[in-house]
Amino acid sequence: LATQHLIDLGRRRIATITGPGDMQASLERLAGWRAALAGAGLDDDLSARGDFTRASGAAAMRELLTRAPDLDAVFAASDLMAVGAISVLRERGIRVPDDIPVIGFDDSPAATSEEIGITTVHQPSYEMGGRMAQVMLGLLKGDDVERHSILPTYLVRRESA
């Protein structure tokens, strides 16, 4: 959703700031970024690793700008990393979203806690917790329960993209 939105905005050098390489959520968000770029015939060579924190988002943004000063959009795998990325862009006089739009993931309080609201992918955290509780209760009762669920997400559009 995030990467496709950036493509739809006409962006072609779309970077990503990933989460840790040993976390399923990070791997799935990276796969989604790659799939959207491949579908548009775009390169997927602009990634830097973070750890879902603001500081790692800032460090990854610095790395990406050094490697690819021509990048024109960023998808960060968490809202906190998007906040860190935006802080670096602003330090360098790069306007968000005019020069480089930024999209996060989670629709967490971080997405609305800064000067600019962050466009983000909403994941249904409360529903996820409820589903996990149902699975756990079913397992404790000895029921045969489905352990894998995919809940719908959607893009929340704010000022950053």
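Above this note sits the structure.
Residues numbered from 1 in each chain as written. Predicted model: local features only at pLDDT ≥ 70, side-chain atom pairs only at ≥ 80, totals over all residues. Heavy atoms only, no water.

Observations concerning the overall build of the protein chain
Looking only at helices and strands, the protein chain has 5 helices and 6 strands in total. Listing the helices and strands of the protein chain from first to last along the sequence gives α-β-α-β-α-β-α-β-β-α-β. The proportion of buried residues among the 161 residues of the protein chain is 45%. The long-range fraction of contacts in the protein chain, counting pairs at least 24 apart against all pairs at least 6 apart in sequence, stands at 72%. When the accessible area of the protein chain is evaluated, it comes to approximately 8,500 Å², of which 52% is carbon and sulfur surface. Each charge class in the protein chain can be summarised by its mean position, and for the 17 positive and 23 negative side chains these summaries are 1 Å apart. (Helix = DSSP H or I, 4+ residues; strand = E, 2+ residues; numbered from the N terminus. Buried < 20%, exposed > 50% of the residue type's maximum accessible area, 1.4 Å probe, protein only. Contact = heavy atoms within 4.5 Å. Areas by Shrake-Rupley, 256 points an atom, 1.4 Å probe, with all protein chains shown as cover. Lys, Arg positive; Asp, Glu negative; His and termini not counted. Charge placed at Lys NZ, Arg CZ, Asp CG, Glu CD.)

Some remarks on the pattern of salt bridges
Enumeration over the complete set of coordinates arrives at 11 salt bridges. Notably, a salt bridge pairs Arg13 with Asp45, separated by 3.4 Å at the nearest N-O pair. Of this pair, Arg13 sits in the loop between helix 1 (2-8) and strand 1 (14-18) while Asp45 is found in the loop between helix 2 (24-39) and strand 2 (47-49), placing the two residues 32 residues apart along the sequence. Here Asp106 makes a salt bridge to Arg29, at a shortest N to O gap of 3.8 Å. Note that Asp106 is positioned in strand 4 (residues 102-106) and Arg29 in helix 2, a separation of 77 residues in sequence. For Arg29, a relative accessible area of 13% translates into the label buried. Look at the salt bridges and you will find they share partners, linking Arg13, Asp45 and Asp70 into a network. (Salt bridge = Lys/Arg side-chain N within 4 Å of Asp/Glu carboxyl O.)

Quick look at the environment of Phe52
For Phe52, the position within the fold is in the loop between strand 2 and helix 3 (54-67). For the pair formed by Phe52 and Ser78, sequence separation is 26 residues and the distance between their alpha carbons is 5.7 Å. Setting aside residues no more than four positions away along its own chain, Phe52 makes contact with Gly19, Pro20, Met23, Ser26, Arg29, Ala77, Ser78, Leu80 and Met81.

What to know about the pairing of strand 4
For strand 4, the tally of buried residues reaches 4 of 5 residues, placing the bulk of the element in the interior. Pairing analysis gives 2 bridges linking strand 3 (residues 73-76) to strand 4, with the strands arranged parallel. Within the sheet, the bridge partner assigned to Phe75 lies in strand 4 and is Ile103. Since strand 3 and strand 4 lie parallel, the crossover through helix 4 (residues 79-91) that links them has a hand, and here it is right-handed. Looking at chain direction, strand 4 and strand 5 (residues 119-122) are connected through 4 bridges and run parallel. By the bridge assignment for strand 5, Asp106 is matched with His122. (Pairing = 2+ DSSP bridges. Right-handed = clockwise from strand over helix to strand, strands pointing away.)

A closer look at the nonpolar core
Counting 29 residues, the largest nonpolar core has Ile17, Met61, Leu64, Leu71, Val74 and Val102 as its most contacted members. For this core, the secondary structure elements donating two or more residues are strand 1, helix 3, strand 3 and helix 4. In terms of residue count, the dominant contributor to this core is helix 4 (7 residues). Not counting the four nearest positions on each side in its chain, Val102 is found in contact with Val74, Ala82, Ile86, Leu89, Val96, Thr119, Ser160 and Ala161. Counting 16 residues, the second-largest nonpolar core is a separate cluster that includes Ile14, Ala73, Phe75 and Ala161. (Core = buried A, V, L, I, M, F, W, Y, C linked by side-chain atoms within 4.5 Å.)

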